[in-house]
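For reference, the chains in residue letters:
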Amino acid sequence: GEDVEQSLFLSVREGDSSVINCTYTDSSSTYLYWYKQEPGAGLQLLTYIFSNMDMKQDQRLTVLLNKKDKHLSLRIADTQTGDSAIYFCAESIKAAGNKLTFGGGTRVLVKP
Amino acid sequence: KAGVTQTPRYLIKTRGQQVTLSCSPISGHRSVSWYQQTPGQGLQFLFEYFSETQRNKGNFPGRFSGRQFSNSRSEMNVSTLELGDSALYLCASGPGHANEKLFFGSGTQLSVL
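This one's a predicted model, so the numbers in the text were calculated from it and none came from an experiment. (Residues numbered from 1 in each chain as written. Chains lettered and ligands numbered in written order. Predicted model: local features only at pLDDT ≥ 70, side-chain atom pairs only at ≥ 80, totals over all residues. Heavy atoms only, no water.)

1. Focus on the sheet that holds strand β8 (residues 71-76) of chain A
Residue and element names in this part refer to chain A.
Here comes step 1: Ordered in space as β1-β3-β8-β7-β6, the five strands form an open sheet in which the pairing is antiparallel. Only two strands of the sheet have a single partner each, and these edge strands are β1 (4-6) and β6 (55-58). On average, each strand axis in the sheet is tilted by 15° relative to the strand beside it, whichever way the strands run.
Here comes step 2: For β6 and strand β7 (residues 61-66), the ladder comprises four bridges, and the chain directions are antiparallel. The partner of Gln57 across the bridge, within β7, is Thr62. (Pairing = 2+ DSSP bridges. Helix = DSSP H or I, 4+ residues; strand = E, 2+ residues; numbered from the N terminus. Axes fitted to C-alpha atoms, helices over the stretch in contact; angles between N-to-C directions.)

The structure is reproduced here in structure tokens:
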């Protein structure tokens, strides 16, 4: 079945790297996504990775996928105060079309 | 390109009433999905529409329904509102293929009193 888990909270100092972790259970996941949500806003797609990839880098963002352990991580380099938000990982499964299953979200607080 | 537009932004209703929410996807996108976000249950999938047909459905009661028009705009309806229906309702737009990048609107915040 589908289940996506994330830690609840992460505190980081401005300029440091942040690493947000996510685990999923469905081995038939096709795409895994990271979304960012700021207060009072919708979800902003940050990046995504296809399930046959191990890593994807996009400017300050690095996504690592360990298929064996069903573990996904998002690393944000040089974290800024504007990165303070809730981050959601999500998976889609080939058989389920565009249905996304989301984790509970990780609240990231960046301290100056 | 304009983003995903959801209206209204805020809505207050009372128990027993019904409500209709609207979503206009990104121009050229043919898939519209709806999600409910609450503090207790998180983000949950309601349904997806593609070419005016419901393509996928989540585990919500029949009080939750939707439709899609020929211009890809979608509406979601909730009848006989309950207090627990208070939530942020998010709409996601996609080109139409399965397993693709989805772009979300800012949502409609529904409060049921």
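Don't stop here, the text continues.
2. Points about the sheet that holds strand β8 (residues 74-78) of chain B
In sheet architecture, strand pairing relies on hydrogen bonds along the backbone and comes in two forms, parallel and antiparallel.
Residues and elements named next belong to chain B.
Here comes step 1: Strand order across the open sheet formed by four strands is β1-β3-β8-β7, with antiparallel pairing between neighbours. The open sheet has two free edges, formed respectively by β1 (5-7) and β7 (64-68), since each of these has just one partner strand. Averaged over neighbouring strand pairs, the angle between their axes works out to 20° when direction is ignored.
Here comes step 2: Strand direction decides the pairing type here: strand β3 (residues 19-24) and β8, joined by five bridges, are antiparallel. Of the residues in β8, the one forming a bridge with Leu21 is Met76.

3. Here we look at the side chain of Ser72(B)
Here comes step 1: Here Ser72(B) lies in the loop between β7 and β8.
Here comes step 2: For Ser72(B), the contacting residues outside a window of four places in its chain are Pro25(B), His29(B), Arg30(B) and Val32(B). (Contact = heavy atoms within 4.5 Å.)

4. As for the interface of chain A and chain B
Here comes step 1: Chain A puts 21 residues into the contact, and the matching count from chain B is 22 residues.
Here comes step 2: In total, chain A and chain B occlude about 1700 Å² of area from one another, counting both sides; carbon and sulfur atoms represent 53% of this.
Here comes step 3: Viewed at the interface, chain B and chain A are joined by zero salt bridges.
Here comes step 4: Put simply, chain A and chain B have four residue pairs in polar contact (both at pLDDT 80 or more) between them.
Here comes step 5: If you list the elements that add at least two residues to the side of chain A that touches chain B, you get β4 (29-37), β5 (43-50), β9 (85-93) and β10 (100-102) of chain A.
Here comes step 6: Ranked by residues supplied to the side of chain A that touches chain B, first place goes to β4(A) with five residues.
Here comes step 7: Counted by class, the side of chain A that touches chain B contains 12 nonpolar, seven polar and two charged residues. (Buried area = accessible area lost by both parts, 1.4 Å probe. Salt bridge = Lys/Arg side-chain N within 4 Å of Asp/Glu carboxyl O. Polar contact = N/O pair within 3.5 Å; in protein donor to acceptor, adjacent residues only side chain to side chain. Nonpolar A, V, L, I, M, F, W, Y, C, P; charged D, E, K, R; others polar.)

5. Quick look at the state of the cysteines
Here comes step 1: Summed over the entire model, instances satisfying the criterion amount to two disulfides over all chains.
Here comes step 2: Between Cys22(A) and Cys89(A) runs a disulfide, and the two sulfur atoms are separated by 1.9 Å. Between Cys22(A) and Cys89(A), the disulfide has an S-S torsion of 70° and is therefore right-handed. Taken together, the positions of Cys22(A) in strand β3 (residues 18-24) and Cys89(A) in strand β9 put the pair 67 residues apart, joining distant regions of the chain. For the pair Cys22(A) and Cys89(A), a shared accessibility class is recorded, and that class is buried.
Here comes step 3: Sulfur-sulfur distance for the disulfide between Cys23(B) and Cys91(B) comes to 1.7 Å. Judged by the torsion about the S-S bond (-50°), the Cys23(B)/Cys91(B) disulfide is left-handed. One end of the pair, Cys23(B), is in strand β3; the other, Cys91(B), is in strand β9 (residues 87-94), with 68 residues separating them in the sequence. (Disulfide = S-S within 2.5 Å. Buried < 20%, exposed > 50% of the residue type's maximum accessible area, 1.4 Å probe, protein only.)

6. Let's talk about the layout of surface pockets
Here comes step 1: Space inside the largest pocket adds up to approximately 460 Å³.
Here comes step 2: In terms of lining, the largest pocket is formed by 22 residues, of which the most central are Gln37(A), Ile86(A), Phe88(A), Arg107(A) and Gln37(B).
Here comes step 3: Looking at the lining of the largest pocket, the elements that each hand over two or more residues are β9 and β11 (106-111) of chain A together with β4 (31-38) of chain B.
Here comes step 4: In terms of residue count, the dominant contributor to the lining of the largest pocket is β9(A) (three residues). (1 Å grid on protein atoms, 1.4 Å probe; cavity = no way out; pocket = protein on both sides within 12 Å on 5 of 7 lines; lining within 4 Å. Points joined across faces, edges and corners; volume = space filled by probe spheres on them.)

7. Section: the pattern of salt bridges
All names here are of chain A.
Here comes step 1: This model, assessed by the stated rule, comprises eight salt bridges over all chains.
Here comes step 2: Between Asp54 and Lys67 there is a salt bridge whose closest N-O contact spans 3.2 Å. Of this pair, Asp54 sits in the loop between β5 and β6 while Lys67 sits in the loop between β7 and β8, and the two are 13 residues apart along the sequence.
Here comes step 3: Residue Asp54 is classed as exposed on the basis of its relative accessible area of 52%.
Here comes step 4: We note a salt bridge from Lys68 to Asp69, for which the minimum N-O separation is 3.6 Å.
Here comes step 5: With a relative accessible area of 74%, Lys68 lands in the exposed category.

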